[in-house]
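What follows is each chain in one-letter form.
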Amino acid sequence: MSKTEAVWRATLLLSLTLLCGCTATSFLKGDESFYDGAEIRFDTEGRRIRRKKAIEAELQELINPKPNKKFLGMRTGVWFYYVAGDPNKKKGLGNFIRRKLGSPPVLMKDVNPQRTATMLAGQLNNDGYFKSTVSSEVKTKKKVSKVIYNVILKPPYRLDTIRFPRPRDSVYAPILREVAEESLLKRRQRYDLEKLQAEQARLEVALEDHGFYYFDDRYLIFEADSTIGKRKVNLDLKLEPGIPQRAKRIYKFGRVNVFPDYTLIPDSLGPKADTTVVNRFYYIDKNHRFRPEIITDVINIKEGETYTREAQRLTLSHLMGLGVFKFVNIKFSELHADSSRLVTNIQLTTLPKKSLRAEAQGISKSNNFVGPGLLLTFTNRNFFRGAELFQLKLNAGYEWQLSRQNENTLNSLEVGAESSLTIPRFISPIRIDYSSRTYLPKTIIKAGINFQNRVGYYRLSSANLAYGYIWRETADKTHELYPADISFVRTDRRSDTFESLLDTNPILKQSFENQFIIGSRYSFTYNSQLHEDPMSQFDKTRKVREHNFFFNGNVDVAGNLINAIQKIGSKQETSYELFGLPYSQYVKGDVDFRYYWQLDKRNKIATRIIVGAGYPYGNSKKIINDTVRYTMPYIKQFAVGGSNSLRAFQARSVGPGTYYIRNEYPDGENLFVDQRADIKLEGNAEFRFDIYKMFKGAVFVDAGNIWTFRDEPERPGGKFSNAFLKQLAVGTGAGLRVDFSFFVFRLDVAFPIRKPWVKDAENNTPHPEWVVKDVDFGSREWRKENLIFNIAFGYPF
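Fair warning: this is a prediction, and the values are worked out from it, not measured in the lab.

Rules behind the numbers
- Residues numbered from 1 in each chain as written.
- Predicted model: local features only at pLDDT ≥ 70, side-chain atom pairs only at ≥ 80, totals over all residues.
- Heavy atoms only, no water.
- Patch = residues over 30% accessible without salt bridge, like charges linked within 9 Å, V, L, I, M, F, W, Y side chains within 5 Å.
- Areas by Shrake-Rupley, 256 points an atom, 1.4 Å probe, with all protein chains shown as cover.
- Salt bridge = Lys/Arg side-chain N within 4 Å of Asp/Glu carboxyl O.
- Helix = DSSP H or I, 4+ residues; strand = E, 2+ residues; numbered from the N terminus.
- Buried < 20%, exposed > 50% of the residue type's maximum accessible area, 1.4 Å probe, protein only.
- Axes fitted to C-alpha atoms, helices over the stretch in contact; angles between N-to-C directions.
- Parallel < 35°, antiparallel > 145°, perpendicular 65-115°, else oblique.
- Left-handed = near helix turned anticlockwise from the far one by under 90°.
- Contact = heavy atoms within 4.5 Å.
- Nonpolar A, V, L, I, M, F, W, Y, C, P; charged D, E, K, R; others polar.
- Expected span 1.5 Å × (residues − 1).
- Arc of directions from axis to C-beta.
- Pairing = 2+ DSSP bridges.
- Lys, Arg positive; Asp, Glu negative; His and termini not counted.
- Charge placed at Lys NZ, Arg CZ, Asp CG, Glu CD.
- Phe/Tyr/Trp six-rings, centres within 6.5 Å; stacked < 30°, edge-to-face > 60°.
- Lys NZ or Arg CZ within 6 Å of the ring centre and 35° of its normal.
- Core = buried A, V, L, I, M, F, W, Y, C linked by side-chain atoms within 4.5 Å.
- Polar contact = N/O pair within 3.5 Å; in protein donor to acceptor, adjacent residues only side chain to side chain.

Engineer: Hey, could you go over a nonpolar patch on the surface for me, with residue numbers and the actual values?
Structural biologist: Together, Tyr 398, Leu 413, Val 415, Ile 449 and Phe 451 give the surface a local cluster of nonpolar side chains, amounting to about 400 Å² of exposed area. For the nonpolar patch, the secondary-structure elements that each account for two or more residues are strand 15 (411-423) and strand 16 (442-454). Within the secondary structure, Tyr 398 sits in strand 14 (residues 389-401). Judged by its relative accessible area of 35%, Tyr 398 falls in the partly exposed class.

As structure tokens, then:
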């Protein structure tokens, strides 16, 4: 036997030993056995019944306890639990292994099959599968037991006639018939007890919105008749006899008391509260922290108006939306026993006015820069006594770029400060009524300054001043509009290496020019994961969304207004300046569309498409070497590549088009990798799956490139053409993610399978080519040139 063969046999023996040990069966005593889950077998008696898979999934969800999770057939968590023993200390390695890596064993003695079978049969009956039965049996093999539930599944009963009370039957009948069209119950729908209960809850809210404050869904009774034949059910909505008199009374809002500084424990030694009447609200205050109208203006409960649940909901949403209250409690009481007026007490408990927060951060950016950071945030939640949120943020970070393809490590030191004032209302020349909206709009004023020192290259300084609005149309739709967004960008401390790069690349030099960016921008975001279905508050049978979408669209225009003003009465042919410095003029837009498909609880498919284009013109014109050039500021251009983009390529190294910077600098001397351009197209797809507890995995494929609108002699092949799809760079790989709940650590390993810039002996002109045939994980040289490791925090999208 050779030495190599002996090593392989020993390794195999050790692996088998560990495999057997990790099944944890050796820790069991006597006749104990692991519970290995339940299997549901259906007998439909020869009938074709739809939804069998859905029924099985619903029943499996009801079965408890759940078996221990397994990894590669092993109960790893149970093995760790037994190995760790019972640590005496609350801290330490043993305790960590038992709590974080271990899982208590789930044994067959913990399961009651007979009781579970009875519960499953009851659930089937509630779901309309009347007369279905469930029995159980247990099968044990080698210390592992499984429960088999045998279901004799009968065809479902369906709704036929649904009758609501007639108008003369009660004071509620006209309202009930009015809202019947929006009923959750439909003819030919499968009988479902939960849906009936949801309909009762919906009708309660409808009656409350007509002033019946004391009405309760318990007063509504559905009488079901399943004897009419053909597996049909007639439903009659009846009112319970003996409904209390006050539940039949329509109430109006009476006096509204507002307590802006409410505490559970009154301060007997503090100042006494005084009462001020503000727009018919009784404002009872002792500390005078807020201007009264700031609070009363967002209250939808008005004295003299009919009580509605909607007014109560909007008031609660608006007061919490001010961002200064920890708790909002709205209480109603009758003025006296025979009164139809409700006294309203709005009790507001404030958040601390001032706070200081320090955060130590692990920073990861799309350009593969990672490193430690520090963020200090000072917050004042009531800056001018109008619920304004003032924040001052100071940040500092030191980052280095991870890349096996760069001989020299790139370092970056960044320091910045930003102040912002968020006002929970529109501040505009036009009055806008948003009282009927669920969410309060916000006006934002912010100013910031940032210094980024790219060691060995340059220092980039930027200052920004912006005024804008943010408002939520619905829970899933958000708008941002900044009519005024002014930035000044300045580059200094340029190294000789960087200066020589700028001298050889006029377009790059122009993009790093000191300049103003004066414009406006708009952003719209849609996120279906935040969607609020109005009926979901009643109907709990509605499924969790299997398919989710995310869309973000941005429009950014700069230089147009000031350029138009300067052109009035001027025939200047050269570019205009502001305070002796140029300003940019361009229009830019981009969209980010994502689709998420939740296959099951453990597996998901995530996809993303990004399309963007920016067109410089007008005042962005420069004449370089007798040639007219247009370019957008460096910070406004598009790039691809990196840990949140094309992970098989170094950050910002792709394109434009078939151009590749390393073809120009094969020795790496004077190499400035960052490539940017006017047009961007990128697509990503990931299959995400659970591995074990906090450990997740993914396999992915990325594709994309950037292009210019105009020819650039310094970057041949970079102009956009109808061959753009053939010029896409494509990469693939796999990743490991560790989900710590409050943040996700991610390691992705990727390699290219299509390059747009291949040069070979037969064709020295850069051209797109699939390079799958060149993949050679055993080659050290190939790994060095192609294998990219991406370390980051959070998911890429």
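Engineer: Summarise the packing of helix 2 (residues 52-62) against helix 5 (residues 113-126); cite the residues concerned and give the values.
Structural biologist: To characterise two packed helices, one gives the angle between the axes of the helices and the distance between these axes. Two elements in contact, helix 2 and helix 5, have axes whose closest approach is 10 Å; the angle formed by their N-to-C orientations is 135°. With respect to their mutual orientation, helix 2 and helix 5 come out oblique. Relative to helix 5, the crossing made by helix 2 is right-handed. Contact residues: Ile 55, Leu 59 and Leu 62 in helix 2; Met 119, Leu 120, Gln 123 and Leu 124 in helix 5. Split into classes, the residues belonging to the contact of helix 2 with helix 5 amount to 6 nonpolar, 1 polar and no charged.

Engineer: Account for helix 9 (residues 309-321), with residues named and values stated.
Structural biologist: In this model, helix 9 (13 residues) spans 18 Å end to end at C-alpha, consistent with the 18 Å of a helix rising 1.5 Å per residue. Along helix 9, the positions that sit buried rather than exposed are Ala 311, Leu 314, Thr 315, His 318 and Leu 319. The arc that holds every buried residue of helix 9, seen down its axis, measures 125°, which confines them to one face. Buried positions along helix 9 lie against strand 7 (252-259), helix 8 (292-296), strand 10 (325-334) and strand 11 (341-350). Phi for Gly 323, located one or two positions after helix 9, is positive at around 80°.

Engineer: Got a sec to walk through the sheet that holds strand 6 (residues 232-239)? Specific residues and values, please.
Structural biologist: Within a sheet, each strand pairs with its neighbour through backbone hydrogen bonds, oriented either parallel or antiparallel. Spatially, 4-6-5 is the arrangement adopted by the 3 strands of the open sheet, whose pairing is mixed. One side of each edge strand has no neighbouring strand; the edge strands of this open sheet are strand 4 (158-163) and strand 5 (220-225). Between one strand and the next, the sheet's axes are offset by a mean angle of 30°, whatever the strand orientation. Relative to strand 6, strand 4 runs parallel, the two being bridged by 4 bridges. Within strand 6, the residue paired with Arg 158 across the bridge is Lys 232. Of the strands in this sheet, strand 5 and strand 6 are in contact with helix 7 (residues 193-208), which crosses strand 5 at around 145°.

Engineer: Run through the sheet that holds strand 8 (residues 274-278), naming residues and quoting values.
Structural biologist: Reading across the sheet, the 5 strands line up as 8-9-7-11-10 and stay open at both edges, with mixed pairing between neighbours. A strand with exactly one partner marks an edge of an open sheet, and here the two such strands are strand 8 and strand 10. The sheet shows a mean angle of 25° between the axes of neighbouring strands, direction not considered. Together, strand 7, strand 10 and strand 11 form the strand contacts of helix 9, whose direction differs from that of strand 10 by roughly 155°.

Engineer: Help me get a handle on the packing of helix 3 (residues 76-84) against helix 4 (residues 93-101), residues and values and all.
Structural biologist: In the contact formed by helix 3 and helix 4, the axes pass within 8 Å of each other and the chain directions differ by 155°. Overall, the two elements helix 3 and helix 4 adopt an arrangement that is roughly antiparallel. Relative to helix 4, the crossing made by helix 3 is left-handed. Of the residues in helix 4, those touching helix 3 at Gly 77, Phe 80, Tyr 81 and Ala 84 are Gly 94, Ile 97, Arg 98 and Leu 101. Here the residues of the contact of helix 3 with helix 4 are counted per class, giving 5 nonpolar, 2 polar and 1 charged.

Engineer: I'd like a rundown of the pattern of salt bridges, residues and numbers included.
Structural biologist: Inspection of every chain in the model, using the stated rule, returns 40 salt bridges. With its nearest N and O atoms 3.8 Å apart, the salt bridge here joins Arg 309 to Glu 204. Pair noted here: Arg 309 is in helix 9 and Glu 204 is in helix 7, with a separation of 105 residues, a long-range link. Accessibility expressed as a relative area gives 28% for Arg 309, which makes it partly exposed. Taken together, the shared-partner salt bridges connect Arg 647, Glu 686, Arg 688, Asp 702, Arg 737, Arg 746 and Asp 748 into one network.

Engineer: Report on a positive patch on the surface, specifying residues and quantitative values.
Structural biologist: Together, Lys 69, Arg 99, Lys 100, Arg 602 and Lys 693 line one region of the surface with positive charge. Within the secondary structure, Lys 69 is located in the loop between helix 2 and helix 3.

Engineer: Outline the packing of aromatic side chains, supporting the account with residue identities and numerical values.
Structural biologist: Inspection of the entire model under this criterion finds 45 aromatic pairs. Between Phe 27 and Tyr 82, the ring centres sit 4.7 Å apart and the planes meet at 10°, which makes this aromatic pair stacked. Here Tyr 82 lies in helix 3 and Phe 27 lies in the loop between helix 1 (3-22) and strand 1 (34-43), a separation of 55 residues in the sequence. By way of ring pairs, the aromatic residues Tyr 213, Tyr 214, Tyr 251, Phe 253, Tyr 307 and Phe 332 are connected into one cluster. The ring of Tyr 282 carries Arg 255 above its face, with NZ or CZ at 3.7 Å from the centroid. If you follow Arg 521 out to its NZ or CZ, it ends over the ring of Tyr 482, 4.2 Å from the centre.

Engineer: Give me the nonpolar core: which residues, what numbers.
Structural biologist: The biggest cluster of nonpolar side chains holds 53 residues, and the ones touching the most others in it are Val 258, Ile 295 and Leu 319. Non-local contacts of Leu 319, meaning those with residues more than four positions away in its chain, are made with Ile 295, Val 298, Ile 299, Phe 325, Val 328, Ile 346 and Leu 348.

Engineer: Tell me what's going on with the side chain of Thr 350, and back it up with residues and numbers.
Structural biologist: Inspection of the secondary structure puts Thr 350 in strand 11. Owing to a relative accessible area of 16%, Thr 350 belongs among the buried residues under this scheme. Within the structure, Thr 350 has its side chain in polar contact with the side chain of Arg 289 (distance 3.1 Å). Those residues within four positions of Thr 350 in sequence are excluded, and the remaining contacts are Pro 260, Asp 261, Arg 289, Phe 290, Val 324, Phe 325 and Lys 326.

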